[in-house]
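# Tertiary structure, described
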Amino acid sequence: MRPSHSFRILAAALLGAALPAVAPLGAQVAGSGAGTGARKPITQDTYDIWRTIQGATLSRDGQWAVYTQSPVVGDGELVARATRGATEYRVARGYTGRPTNSVAANAAFTAPPAQITADSRWAVALAYAPQAEFEQARRAKKKPAQMPRASLALVSLADGQVTRVPRVKSFQLARESGRFMAYLLEPADSAARADSTPGAAAPVAAAAAPGGTPRPVADTVTQAKKKDVGSTLVIRELATGRETRVEDVLEYAVDERAQWVAYAVSSRSGARDGAYVRALESGRETALLTGPGKYGQLAFDERGAQIAFVSDRAEAAREKPRFALYHATLPAGRAVAVVQPAALGADVVAEKGAVRFTKSGTAVLFGLAPAPLDSIPADSLADKAVFDLWHWKDPRLQPQQIVEAGRDRSRAYTAIYQVGRERMVRLANDSMPEVTVSDDGRTALAVTDAPYAVERMWGDGGNDVHVIDAMTGRRTTVARRVPYGATLSPGGRYVLWFADGRWHSWDVAASRAADVTGALAGVRFDQETWDTPSTPAPWGVAGWTTGDRSVLLYDRYDVWEADPAGARAPRMVTDSVGRRRQLVFRLVDLDREARAIDAREPLLFRVLDDETKASGFWRDRLGAAQQPESLVMADRAFGTPQRARDAEVYLLTQSTLREFPDLWVGPSLTSLARVSDANPQQQEYRWADVELVRWRSDEGVPLKGLLFKPDDFDPSKKYPMVVYFYEQLSDGLHNYAAPTGRNVINPVVYASKGYLVFFPDIAYRDGYPGQSALHSIVPGVLSLVARGFVDANAIGSAGQSWGGYQTAYMITQTPIFKAAMAGAPVANMTSAYGGIRWDSGLARAFQYEKTQSRIGGSIWEYPMRFIENSPLFYADRVRTPLLMMHNDGDGAVPWYQGIELFVALRRLGQEVYLVNYNGDGHNPRKRANQKDVDLRMQQFFDHHLRGAPAPAWMTEGIPFLRKGRDQLVPPVTAAGEPGGEPGGEPAPGTPAAGATGAPVPVGAP
């Protein structure tokens, strides 16, 4: 391995020409609002070149900021920038911006962030081959294991020299030492082995759930797998480059102080199979346990004085060997089986259950699992009935059981081994599947909704809260049917939960409950803005102070300090400044490794002005007489600040609609310099401006919204306008919107094309979600029409998911919209209510009765509400051309909802289109599908709102026998318009848009 010099040091003079030197927080970036001149409109070929900043981090000494700069599609760079001066190193990181070319839910790729060594001398990252090499391999139809492999890039921060190591699978750095690192190489024959690895026998049949979601029918037996063989582990001393190689390593771990590296060896011959630990200083290797079998889940304690792992060594000769938990003290190193199969009855130590020490090092946490069921041979049911039985007492419906089958098969329940007492205690089980364990390993908290599994189907139920003595296993029930769970304090002294509008606590030692906030009159800790027919959630917990002395709690605006024992009355930390000025105070965690808040240190708050949407940072102290102090407030959005671990240096992003969230660093939050310029090309394009607008709903509720305008907006002209909504979007006033597109409205893209874009907030009334949207949105639209610059005959509506439902409902009630796009809408609440969310397997009833759909009860309690809020029953009133997207792989809203509305409007002779991206989900995952729907939306609105010619797909359709041919014709691109032939199809090979800069809807109606 030879050092590479393919790096770039940017001189101060050069960088100074592009970036400001030091500017106060909130300063405008020069040139972002430059005159329109000959700037270009944003088109789809613009999307892919836009860059993002990923994984930004500070070195411990605060001297370096390291991040990845990646285009939406293409090759990225690892950037190491000095926080003082202008030194910057850029290292090619390869194909980091990868479009998703599959409809599979897990197909997206994200490059892992770079890491900086503890001594701040090296930046380390995985790097990849250039995009061209991946494309060449794809065209050659190479298998996944034959695709280009990652390499390791080691960047010396002293001089920018780069050392590259090919074919690296993973690496680990020590948290407290920068002297050594370890990395695992790809197996030399990985591609060949991948080609020959036997797969599973074919299942009996593959049934498809309604909505097109495939599901397995029966367990199948797999052919015998070859033994997993390890590859080369390399231990590198970074200063000297000296390396030690260990062959046939499957798994490895480096302790926090870089005293040890542990590894599990699995070789073809089996001669060295076992678990080993190596002293990094001396290089001495010690065998922890050796012999035939599997070894894994290696874990050190925080001090590097102990190690634990699992192995089936003792039963390796059995047909189905069971695992044991092993423990060893260091440096002695000989491992002892501390939890053996014979002691577990029907359970087994989980092979894949994570092993870890408690923070104190006094106990080991590991996983227990039920013994696996025998699998069914693939051909054994060929002539048998294959079916699912839905039983009325099943805690989970069959679709949910199918979705969660993989998790259930591999599920591990937490157990604890007390090292000093040499005792194992089961903590979790199938009725209490999740536990939290205190740092000292003495107390565990179990919060379970298992007793209410059936009631959850319609949104009722809750959680039972239990405290477990982790030394003995004794359980104490603390509370029942708690709506929002419970948490264990960092020191393990208290359990905290919210119920009946108040915070409650449980003193673990005293076995005593206390009402923490009930004595406060006129203060609401539940969300008074809650707008669904369910129990309001609390505003939240800011954190605990050291020693569990107090807990910081939020109301809508301010922060309170409360005594968890209930003896002292709560006191307000922020002195009512929040409520008086409608400022929302929320604590910033600058030390993410600290488990508690040091009451002696000042508190930093992120603050949002609820009226103007300005934001910034304030400072205060616990117990201080003075009011909180404003550090900075500005009309912009700030990212979460980072502080260097060993220095007073801060890093954060700040943005507006016009200003990309570049990185800013400095010695304080009031003195920062911008150190990145990710998208200088933005000044070449037309952009948008945004205005916060206000109006009142038909019920008199004051509302806010965002009006996006072209940056050459002329109030004397009339503009077409697209209205896009979900629930509440006005808090995003200062969010940057990158020019991308998919099935939502990107305000920058549409403003660049000459549209106004309106994002209105919605005030909801239980039982009437459709009318709530209508009575909130239409008055907002009319208030803008009254200002004189909106063309009242060119207003469109668009929404996705819940927004798609509201769009579909409103066009049955008002003719104000001349075109509408509804993505994945519910059309018929009566049929949707009884359906399944196929991605999760959950029944849909809960969302209608208690959550987003806001009906407030069952279909037999409120049958007319279900009908009155369903667009289908008013389809004969629709006069608005409608474009729908509803995909047959939608796991949130069954796609037959789109079909119901399409068939009704088709019968009524109403202009309607339904686009179904085959196999894709609720929001299109495949990039080509994202870009296609973005293009069709633009063409649809351009035709109906701006008079552009209709593309061929709108005038002629696409018959099934011509399906796909429209994607293969040469593009014909009009100047300044999206690419595509007259029929509106994208150019061949053109990738689609990524995530939009507009707010992204989540969930579904």
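Basis of the calculations
Residues numbered from 1 in each chain as written. Predicted model: local features only at pLDDT ≥ 70, side-chain atom pairs only at ≥ 80, totals over all residues. Heavy atoms only, no water. Helix = DSSP H or I, 4+ residues; strand = E, 2+ residues; numbered from the N terminus. Buried < 20%, exposed > 50% of the residue type's maximum accessible area, 1.4 Å probe, protein only. Contact = heavy atoms within 4.5 Å. Phe/Tyr/Trp six-rings, centres within 6.5 Å; stacked < 30°, edge-to-face > 60°. pLDDT = per-residue confidence, 0-100. Salt bridge = Lys/Arg side-chain N within 4 Å of Asp/Glu carboxyl O. Axes fitted to C-alpha atoms, helices over the stretch in contact; angles between N-to-C directions. Parallel < 35°, antiparallel > 145°, perpendicular 65-115°, else oblique. Nonpolar A, V, L, I, M, F, W, Y, C, P; charged D, E, K, R; others polar. Pairing = 2+ DSSP bridges. Expected span 1.5 Å × (residues − 1). Core = buried A, V, L, I, M, F, W, Y, C linked by side-chain atoms within 4.5 Å. Arc of directions from axis to C-beta.

The secondary structure content of the protein amounts to 16 helices and 58 strands. Each of the 1005 residues in the protein was classed as buried or not, and the buried ones make up 53%. In the protein, of all internal contacts separated by at least 6 residues, the share reaching a separation of at least 24 is 59%.

Mapped onto the elements, Gln63 comes out in the loop between β2 (51–58) and β3 (64–71). Given a relative accessible area of 31%, Gln63 falls into the partly exposed group. The sequence separation of Gln63 and Thr83 amounts to 20 residues, and the corresponding C-alpha distance is 5.3 Å. The residues contacting Gln63, other than those within four sequence positions of it, are Arg81, Ala82, Thr83 and Arg84.

This part takes up unusual backbone geometry. Backbone torsion omega between Leu330 and Pro331 reads 15°, so that peptide bond is classified as cis. Mapped onto the elements of the fold, Pro331 is located in the loop between β21 (324–329) and β22 (336–339). One non-glycine residue, Gln297, lies in positive phi territory at about 55°. Mapped onto the elements, Gln297 comes out in strand β19 (residues 295–300).

Turning our attention to the packing of aromatic side chains. What the rule picks out here adds up to 32 aromatic pairs. Look at Phe525 and Trp560: their rings are 6.0 Å apart centre to centre, the planes differ by 65°, and that puts the pair in the edge-to-face class. Residue Phe525 is located in the loop between β35 (512–515) and β36 (541–544), and its partner Trp560 is located in strand β38 (residues 559–562); the two are separated by 35 residues in the primary sequence. Just as Phe525 is buried, Trp560 falls in that class too.

With that settled, the discussion passes to the environment of Trp838. Here Trp838 lies in the loop between β55 (836–837) and β56 (842–843). Sequence-wise, Trp838 and Asp890 are 52 residues apart; in three dimensions their C-alpha atoms are separated by 7.7 Å.

Right, let's talk about the confidence of the model for the protein for a bit. Any region with low pLDDT has predicted coordinates that should not be read closely. Confidence along the protein averages 89 in pLDDT terms, with 89% of residues attaining 70 or more. In the model, residues 191–224 has pLDDT below 50 throughout and makes 57 contacts with residues more than four positions away in sequence or in other chains. The low-confidence segment residues 971–1005 (pLDDT under 50) makes 124 contacts with residues lying over four places distant or belonging to another chain.

Moving on to the pattern of salt bridges. Applying the stated criterion to the full structure yields 64 salt bridges. In this structure, Glu176 and Arg60 form a salt bridge, with 3.2 Å as the shortest nitrogen-oxygen distance. Taken together, the residues span a long stretch of sequence, with Glu176 in the loop between β10 (168–173) and β11 (180–185) and Arg60 in the loop between β2 and β3 at a distance of 116 residues. Across the pair Arg90 and Glu77 runs a salt bridge whose closest N-O atoms are separated by 2.8 Å.

Take the packing of helix α9 (residues 769–785) against helix α10 (residues 802–810) next. The N-to-C vectors of α9 and α10 enclose an angle of 75°; their axes lie 9 Å apart at closest approach. Considering the angle they form, α9 stands roughly perpendicular to α10. Across from Pro769, Gly770, Gln771, Ala773, Leu774 and Ile777 in α9, the residues of α10 making contact are Trp802, Tyr805, Gln806, Tyr809 and Met810. Taken together, the residues of the contact of α9 with α10 break down into 8 nonpolar, 3 polar and no charged.

For the rest of this paragraph, the subject is the sheet that holds strand β4 (residues 74–82). Pairing is antiparallel across the open sheet formed by 4 strands, whose spatial order is β2-β3-β4-β5. Each having just a single partner strand, β2 and β5 (88–97) make up the two edges of the open sheet. Pairs of neighbouring strands in the sheet enclose a mean axial angle of 20°, with direction left out of account. One ladder, built from 6 bridges, connects β2 with β3; its direction is antiparallel.

What follows covers the pairing of strand β15 (residues 243–254). Relative to β15, strand β14 (residues 231–237) is paired through 5 bridges, and the arrangement is antiparallel. Its bridge partner lying in β15, Arg236 is registered against Glu243. In textbook terms, the turn of a hairpin is the stretch between consecutive antiparallel strands, and for β14 and β15 this stretch comprises 5 residues, one of which, Gly241, has a positive phi near 80°. What sits between the antiparallel neighbours β15 and strand β16 (residues 260–265) is a turn of 5 residues, in which Ala258 has the positive phi angle 55°.

Here we take up the pairing of β14. Burial analysis of β14 places 7 of its 7 residues in the buried class, the great majority of the element. Summarising the sheet, β11 and β14 pair through 5 bridges and their orientation is antiparallel. Its bridge partner lying in β14, Ala182 is registered against Ile235.

Glancing now at the sheet that holds β21. Read from one edge of the open sheet, 4 strands run β19-β20-β21-β22, paired in antiparallel fashion. Each of the sheet's edge strands pairs with one partner strand only, and the pair in question is β19 and β22. Neighbour to neighbour, the strand axes of the sheet diverge by 30° on average, direction disregarded.

Helical periodicity: at 3.6 residues per turn, an α-helix aligns residues three or four positions apart in one direction. With 20 residues, helix α15 (residues 927–946) extends 27 Å between its outermost C-alpha atoms, agreeing within 8% with the 28 Å of an ideal straight helix rising 1.5 Å per residue. Just beyond α15, the residue with positive phi is Gly947, at close to 75°.

To continue, consider the nonpolar core. Soluble globular proteins tend to bury their nonpolar side chains together. Core analysis: the biggest nonpolar cluster contains 105 residues, and Met721, Val723, Ile745, Tyr750, Ile777, Leu882 and Phe941 have the highest contact counts within it. Considering each element in turn, this core owes the most residues, 6 residues, to α9. The residues touching Phe941, leaving out its near neighbours within four places in the chain, are Val722, Ile745, Tyr750, Tyr755, Gly796, Ser797, Ala798, Ala819, Ala820, Met821 and Arg946. Core analysis: the next-biggest nonpolar cluster, separate from the first, contains 22 residues, Val124, Met147, Leu173 and Tyr183 among them.

The terminal C-alpha atoms of helix α14 (residues 896–907) lie 16 Å apart, and with 12 residues this matches the ideal 16 Å at 1.5 Å per residue to within 8%. Restricting attention to buried positions, one finds in α14 the residues Gln897, Gly898, Leu901, Ala904 and Leu905. Here the buried residues of α14 occupy an arc of 135° about the axis, which is enough to place them on one side. Pointing more than 90 degrees away from the buried face of α14 are the exposed residues Arg906 and Arg907. One or two positions beyond α14, positive phi appears at Gly909, with a value near 75°.

Now for the environment of Gln938. Mapped onto the fold, Gln938 is located in helix α15. Between the C-alpha atoms of Gln938 and Gly741, which are 197 residues apart in sequence, the distance is 9.9 Å.

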